[in-house]
Amino acid sequence: MSDTRVPTIDLRPWLHGDDGSRAALARTVDQALQTAGFLLVTRHGVEPGLRAGIRAAAREFFLLPVEVKRRYEAKVGGRGWLGPGAEANGYAEGTETPPDLKESLTFATDEPFEDPVVNAEWYASNVWPAEVPELRELCRTYLSRMAALEKELLSLLGYALGLEPDFFSRHMDRPTYGFNINWYPGTDVVGEPLPGQFRIGPHTDFGTVTILDRQAGKGGLQVYTDAGGWEDAPYDPDAFTINTGDLLARWTGDRWRSGRHRVLPPPADAPAEELMSLVYFGECTPGTVVESVPAPVGRVTYPPVDSHVYLREKLDSITVG
């Protein structure tokens, strides 16, 4: 995939640069999010050892017997283990597909919110596997880094549109977020994929920005653009892959596209290929009303929508069964 469609940006000019370097970075970001809805971001300050530690601990969990993992079973959008067959992300596009070939550990915001109804739906307690006690502190550290990075990215995105830098980030006082550790085993574990079955089916994400730490593989991430169709996403082990979600696309009046993507099935010629992704889904404070930015920034005007009504509908749409 062309670097112009999914460029790699160094975050330092935004954090420490002068007005000229910030403006140049903003132009690159704006163009990329119009084209594919994806960026690679380096110099983000999240140490590789933390990411490796989470993978090692999570792998211990995924290799446990099914009857042990089932103690932590959750529904989509909940906290805990999503086993094989729990999700079919293609459903979000209205496509009936076989379930995604993955397992996930899911965690999310769990600090109490003042509204008891909102608190019950979006701020439930996380469920930490007792068999891998180190996972709790690793994930909590990682999630604090992600929350800070998300706020910085949303400030950059507001600036890139010529708006106030806090145009998006001011809606982040009490954000919800989701965090999935996705395990993609090989065909030696999951068997031969069914027709139309993917590790994750074609979809867009639902929130503001997604921050993805991924691994390269034959059965890895692909990104869709109008110019090139489906193409393998560029990979840099030091970079996070960033994509915009549905709510941010609506907010920008479709100036920026919600990045459409999929994860390929496990390859037949590499039956033991095993990948793991750390996926942080950025959201905003419950009750945020998302209204399209008017022209000339925005291209179309969507009806205002409550951010978390929208998110709940989307999460329900990908639930199998």
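Here is what the cut-offs are and how they apply
Residues numbered from 1 in each chain as written. Predicted model: local features only at pLDDT ≥ 70, side-chain atom pairs only at ≥ 80, totals over all residues. Heavy atoms only, no water. Helix = DSSP H or I, 4+ residues; strand = E, 2+ residues; numbered from the N terminus. Buried < 20%, exposed > 50% of the residue type's maximum accessible area, 1.4 Å probe, protein only. Contact = heavy atoms within 4.5 Å. Pairing = 2+ DSSP bridges. Axes fitted to C-alpha atoms, helices over the stretch in contact; angles between N-to-C directions. Parallel < 35°, antiparallel > 145°, perpendicular 65-115°, else oblique. Nonpolar A, V, L, I, M, F, W, Y, C, P; charged D, E, K, R; others polar. Core = buried A, V, L, I, M, F, W, Y, C linked by side-chain atoms within 4.5 Å. pLDDT = per-residue confidence, 0-100. Salt bridge = Lys/Arg side-chain N within 4 Å of Asp/Glu carboxyl O.

## A look at the environment of V290
Right, on to step 1. Tracing the chain through its elements places V290 in strand β13 (residues 289–290).
Right, on to step 2. Note on V290: relative accessible area 2%, which makes it buried.
Right, on to step 3. In this structure the C-alpha to C-alpha distance between V290 and F168, which are 122 residues apart in sequence, comes to 9.9 Å.
Right, on to step 4. When residues no more than four places from it in sequence are discounted, the contact partners of V290 are L247, R250, W251, P303, P304, V305 and S307.

## Overview of the pairing of strand β4 (residues 103–108)
Right, on to step 1. Here β4 lies mainly inside the structure; six of its six residues are buried.
Right, on to step 2. By the alternation rule, side chains of β4 split into E103, L105 and F107 and S104, T106 and A108, which are all buried.
Right, on to step 3. Here strand β3 (residues 80–82) pairs with β4 via three bridges, running antiparallel. Along β4, the bridge assignment pairs W81 with L105.
Right, on to step 4. Here β4 runs beside strand β5 (residues 177–184); their pairing, made up of six bridges, is antiparallel. Within the sheet, the bridge partner assigned to T106 lies in β5 and is N180.

## Structural notes on the sheet that holds strand β7 (residues 209–213)
Right, on to step 1. Read across the open sheet, the eight strands follow the order β1-β2-β10-β7-β12-β5-β4-β3; overall the sheet is mixed. Of all strands in the sheet, those bounded by a partner on one side alone are β1 (8–10) and β3. Going from strand to strand, the sheet's axes swing by 25° on average, the running direction of each strand aside.
Right, on to step 2. Taken together, the three bridges between β1 and strand β2 (residues 38–42) define a ladder with parallel strand orientation. Residue pairing across strands places T8 opposite L40, the latter belonging to β2.
Right, on to step 3. This element, helix α2 (residues 19–35), spans β1, β2 and β10 (240–244) of the sheet and lies at about 145° to β2.

## A few points about the sheet that holds strand β11 (residues 261–263)
Right, on to step 1. A sheet is described by the order of its strands in space; here four strands give the open sequence β6-β11-β8-β9, paired in antiparallel fashion. Single-partner strands in this sheet number two, and they are β6 (200–203) and β9 (229–232). Sheet twist, expressed as the average angle between the axes of neighbouring strands with direction ignored, equals 20°.
Right, on to step 2. The pairing of strand β8 (residues 221–225) with β9 spans four bridges and is antiparallel. Pairing of V223 across the sheet is with E231, part of β9.

## A look at the packing of α2 against helix α6 (residues 134–160)
Right, on to step 1. Remark: α2 packs on α6, axes separated minimally by 9 Å, with the N-to-C direction vectors making an angle of 90°. As summarised for this structure, α2 and α6 are arranged roughly perpendicular, according to the angle between their axes. Contacts between α2 and α6 involve D19, R22, A23, L25, A26, V29, D30 and L33 on the former and, on the latter, L156, L157, Y159 and A160.
Right, on to step 2. Across the contact of α2 with α6, the residue classes break down as nine nonpolar, no polar and three charged.

## Here we look at the nonpolar core
Right, on to step 1. Core analysis: the biggest nonpolar cluster contains 70 residues, and F62, L135, Y142, L157, F168 and I181 have the highest contact counts within it.
Right, on to step 2. With 11 residues, the top contributor of residues to this core is α6.
Right, on to step 3. Membership of the second largest hydrophobic core comes to 14 residues, among which are A36, L221, A233 and V263.

## Some remarks on the confidence of the model for the protein chain
Right, on to step 1. Taken as a whole, the protein chain shows an average pLDDT of 91; of its residues, 98% reach a score of 70 or greater.
Right, on to step 2. Across the protein chain, element-level confidence peaks in helix α3 (residues 48–62) with a mean pLDDT of 97 and bottoms out in helix α5 (residues 116–122) with 79.

## Examining unusual backbone geometry
Right, on to step 1. Residues A295 and P296 are joined by a peptide bond in cis, for which omega reads 10°.
Right, on to step 2. Position of P296 among the secondary structure elements: in the loop between β13 and β14 (305–306).
Right, on to step 3. Positive phi outside glycine occurs at R43, with the angle close to 55°.
Right, on to step 4. Looking at the secondary structure, you find R43 in the loop between β2 and α3.

## Thoughts on the pattern of salt bridges
Side chains that carry opposite charge are capable of pairing whenever their charged atoms lie near each other.
Right, on to step 1. Summed over the entire model, instances satisfying the criterion amount to 15 salt bridges.
Right, on to step 2. Notably, a salt bridge pairs E274 with R59, separated by 2.6 Å at the nearest N-O pair. Pair noted here: E274 is in the loop between β11 and β12 (275–282) and R59 is in helix α3, with a separation of 215 residues, a long-range link.
Right, on to step 3. Judged by its relative accessible area of 28%, E274 is partly exposed.
Right, on to step 4. Close ionic contact of E93 with R260 constitutes a salt bridge, the shortest N to O distance being 2.7 Å. With E93 in the loop between β3 and β4 and R260 in the loop between α9 (246–251) and β11, this residue pair connects regions lying 167 residues apart in the sequence.

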